[in-house]
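Listed here are the chains, written in short residue letters.
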Amino acid sequence: MLKDLFQKRKYATIPSERTKREIPEGLMNKCPKCGTIQTSKELEKNLKVCTACGYHYRLNAMERIQMTLDEGRIFEYDTDMISEDPLQFPDYIEKLEKAKSSTSLRDAIVTGEGTIGGYPVVVAAMSFDFMGGSLGSVVGERITRAVETAVQKKYPIIIYSTSGGARMQESILSLMQMAKTSAALSKLSDAGGLFISVITDPTFGGVSASFAMLGDIIIAEPAAPFGFTGRRVIEQTIKQKLPDNFQTSEFNLEHGQLDKVVSRKDMRPTLIKLLDMHGVKGDATYGG
Amino acid sequence: MAVEMPFEQPLAELKSKIVELRKFSAEKHIDFSDEIRRLEERYAELEEELYANMSSAEKMQLARHPQRPTTLNYIQSIFTDFIEFHGDRLYGDDLAIVGGIAKLNGVPVTVVGHQKGKDTKDNIARNFGCPHPEGFRKALRLMRQADKFRRPIVTFIDTKGAFPGNAAEERGQGEAIARNLLEMASFRVPIICVVIGEGGSGGALALGVGNKVLMLENAIYSVISPEGAASILYKDASKALHAAEAMKITANHIMELGVIDGIVPEPKGGAHRDPLMQADFIKEAVWGQLQPLLSMSEEELLEDRYRRFRDIGRFTFIQEGNHA
């Protein structure tokens, strides 16, 4: 405890080029849902939610962190961890390199700690722009370490999921990350730790069949497609057309798979309320 | 007579030649014994060669062989006093999963596994061994019961995967699998898992969080079906054999990656050639793995299982100075 006081915390403020790369200043955006055209500035001011129809644009991990944590500040864990190519899978290395240079991430996740409304939390945010947010060894290991840190520090953990599923290029090792992360969450649960899972557009496959569905509280952003098997595969299997709202957050809420659908502007206040009610008030000087 | 797989064609052709020659020799009273002997020697060589050098794709065919023994076959031969239990107490009884209690060498255990059908009618009832959420929840209920009564758990894995249907989604396919992973990690009894045929994706792993995980020699274990991988990676499901090679799904590969603890040998040509011999091999392997676990404390069992999965994964660290 005393040692902690003297330990210098290294915080990084997310540099603007890491978050704004996607939409350079002045560019116009056309809403994929209603077609309304808005400037990037307008859109960012509205947390990347369409001002006309409420469509929630996809966020990358850094944007998510910036919108969630106090002052967008995170003390990142395991930033130097990178994927290997254990199976010598065709084109995997090239795909990784391409993803790294187009996203400025090292893999499909950012983990670390920070505060939300002054409450200390461990946070993990997945990034769909990095190989479809696929779950491989690095994502599995970083989530597991983040969960273990949450147990050790008695912090709540919040995981923002977005993923197409397990990473095929690491085959069986990817599948096993589902068991690994779930086992770590079992320890967190036994220790009485709080895990809030936030499901975002889109969350499928291995991620939906492991940590994303294991939250004490499971929240989803509006209209986020989410399920185990993708719509196309189901339609081919059952040879029927599925309704438009199939597998949306609202559909999942109706079928008992979620606690709540929360819009992006209400997300931080909701998280703060939840943290408050779980008595996890951190020390006031934290992060200051 | 076993159904021949395409790659076994040369063997089948040679065998029919030998049979023909024998018949001809008997009918015409001509002595072809030298020729027959030579052909038989060639047959033995070819058989050796063929089964020793099977590709991933060929093993995949054996793992999916229509006559491959199923969970219920093994339960009948390996255990005694099996009593099957049914239902998840929430929705229904998914026949794609079977389970109950039985004795293994006199020790009461809970046994659970995926169940494929033996013929078309059976396969329809069992949904080709592809469970819905109620199947995973039935397995979970039986495993919780084992945990309560301190019975070891043995699981048999044999599924293409969790069923990809709309009803499965509505009832929480993802949650059902996830819940099994979390709870299997927390049980205080020994858990031994055996992949007997196809270990397909999350639906397989939902019965796969054990202290020891074994695979049959010709079984496969993969993150996605080779057909699924091919349709995503190559936009062509017919390239499944190619994807099967790339994903390294055979027992040998999975062993090299450190994901399983042992390989159970199969009779020459695959488990279906001699199901009873295969059952003996499995029984011996499971019993061998179970014994040391029986003397471990609950905490040791938990920690052993945690470490087993905690250590799986391959990654490295970038060598550099400061970075944002």
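Look up: the structure comes first, before these words.
Residues numbered from 1 in each chain as written. Chains lettered and ligands numbered in written order. Predicted model: local features only at pLDDT ≥ 70, side-chain atom pairs only at ≥ 80, totals over all residues. Heavy atoms only, no water.

Regarding the overall build of chain A
Summing up its helical and strand segments, chain A has eleven helices and eleven strands in all. Counting all 288 residues of chain A, 57% fall into the buried class. Excluding contacts between residues fewer than 6 apart, the proportion of contacts in chain A whose partners are at least 24 apart in sequence is 70%. For chain A, the exposed area adds up to about 12,200 Å²; of that, 53% sits on carbon and sulfur atoms. (Helix = DSSP H or I, 4+ residues; strand = E, 2+ residues; numbered from the N terminus. Buried < 20%, exposed > 50% of the residue type's maximum accessible area, 1.4 Å probe, protein only. Contact = heavy atoms within 4.5 Å. Areas by Shrake-Rupley, 256 points an atom, 1.4 Å probe, with all protein chains shown as cover.)

Topic: the packing of aromatic side chains
The full count for this structure, using the stated rule, is eight aromatic pairs over all chains. Measuring from ring centre to ring centre gives 6.1 Å for A:Phe75 and A:Tyr77, while their planes differ by 85°; the resulting arrangement is edge-to-face. For A:Tyr77, a relative accessible area of 10% corresponds to the buried category. Linked through ring pairs, B:Tyr74, B:Phe79 and B:Phe156 together constitute an aromatic cluster. (Phe/Tyr/Trp six-rings, centres within 6.5 Å; stacked < 30°, edge-to-face > 60°.)

Comments concerning the interface of chain A and chain B
If you look at the interface, chain A gives 57 residues, while chain B gives 50 residues. With both chains or domains summed, chain A and chain B bury close to 4,900 Å², and 68% of this area falls on carbon and sulfur atoms. Counting every contact that joins chain A to chain B gives three salt bridges. With its nearest N and O atoms 2.8 Å apart, the salt bridge here joins B:Arg310 to A:Glu148. Where chain A packs against chain B, one counts 15 residue pairs in polar contact (both at pLDDT 80 or more). If you tally residues by element for the side of chain A that touches chain B, the top one is helix 7 (residues 171–190) of chain A, at 16 residues. (Buried area = accessible area lost by both parts, 1.4 Å probe. Salt bridge = Lys/Arg side-chain N within 4 Å of Asp/Glu carboxyl O. Polar contact = N/O pair within 3.5 Å; in protein donor to acceptor, adjacent residues only side chain to side chain.)

Quick notes on the packing of helix 10 (residues 226–233) of chain B against helix 11 (residues 240–247) of chain B
All names here are of chain B. Here helix 10 crosses helix 11 at 100°, and the two axes come no closer than 8 Å. One way to sum up the angle between helix 10 and helix 11 is to call them roughly perpendicular. Contacts between helix 10 and helix 11 involve Pro-226, Glu-227, Ala-229 and Ala-230 on the former and, on the latter, Ala-240, Ala-243, Ala-244 and Met-247. For the contact of helix 10 with helix 11, the per-class residue count stands at seven nonpolar, no polar and one charged. (Axes fitted to C-alpha atoms, helices over the stretch in contact; angles between N-to-C directions. Parallel < 35°, antiparallel > 145°, perpendicular 65-115°, else oblique. Nonpolar A, V, L, I, M, F, W, Y, C, P; charged D, E, K, R; others polar.)

A closer look at the state of the cysteines
All names here are of chain A. All told, the structure shown has zero disulfides over all chains when counted by the stated rule. Take Cys-50: it sits in no disulfide, and the sulfur closest to it among the cysteines is that of Cys-34, at 3.7 Å. Since its relative accessible area comes to 2%, Cys-50 is described here as buried. Of all cysteine sulfurs, the one in Cys-34 lies closest to Cys-53, which takes part in no disulfide; the gap is 3.6 Å. On the basis of relative accessible area, Cys-53 is assigned to the partly exposed category, the value being 30%. (Disulfide = S-S within 2.5 Å.)

A look at the pattern of salt bridges
Inspection of every chain in the model, using the stated rule, returns 45 salt bridges over all chains. The partner of B:Arg188 in a salt bridge is B:Glu298, with the nearest N and O atoms 3.6 Å apart. One end of the pair, B:Arg188, is in the loop between helix 8 (173–184) and strand 5 (191–200); the other, B:Glu298, is in helix 14 (residues 298–310), with 110 residues separating them in the sequence. A relative accessible area of 30% means that B:Arg188 is categorised as partly exposed. Here B:Glu298 falls in the partly exposed class, since its relative accessible area comes to 27%. One connected set of salt bridges, linked through shared partners, spans A:Asp78, A:Glu141, A:Arg145, A:Glu148, A:Lys180 and B:Arg310.

Describing the nonpolar core
Membership of the largest hydrophobic core comes to 147 residues, with the highest contact counts inside it found for B:Phe79, B:Phe156 and B:Tyr221. In terms of residue count, helix 7 of chain A provides more of this core than any other element does, ten residues in total. Those residues in contact with B:Tyr221 that lie beyond four places of it in its chain are A:Ile172, A:Leu175, A:Met176, B:Val195, B:Gly199, B:Ala204, B:Leu205, B:Met215, B:Ile249 and B:Ile254. B:Ile18, B:Leu21, B:Ile36 and B:Met54 belong to the second largest nonpolar core, which has 14 residues in total. (Core = buried A, V, L, I, M, F, W, Y, C linked by side-chain atoms within 4.5 Å.)

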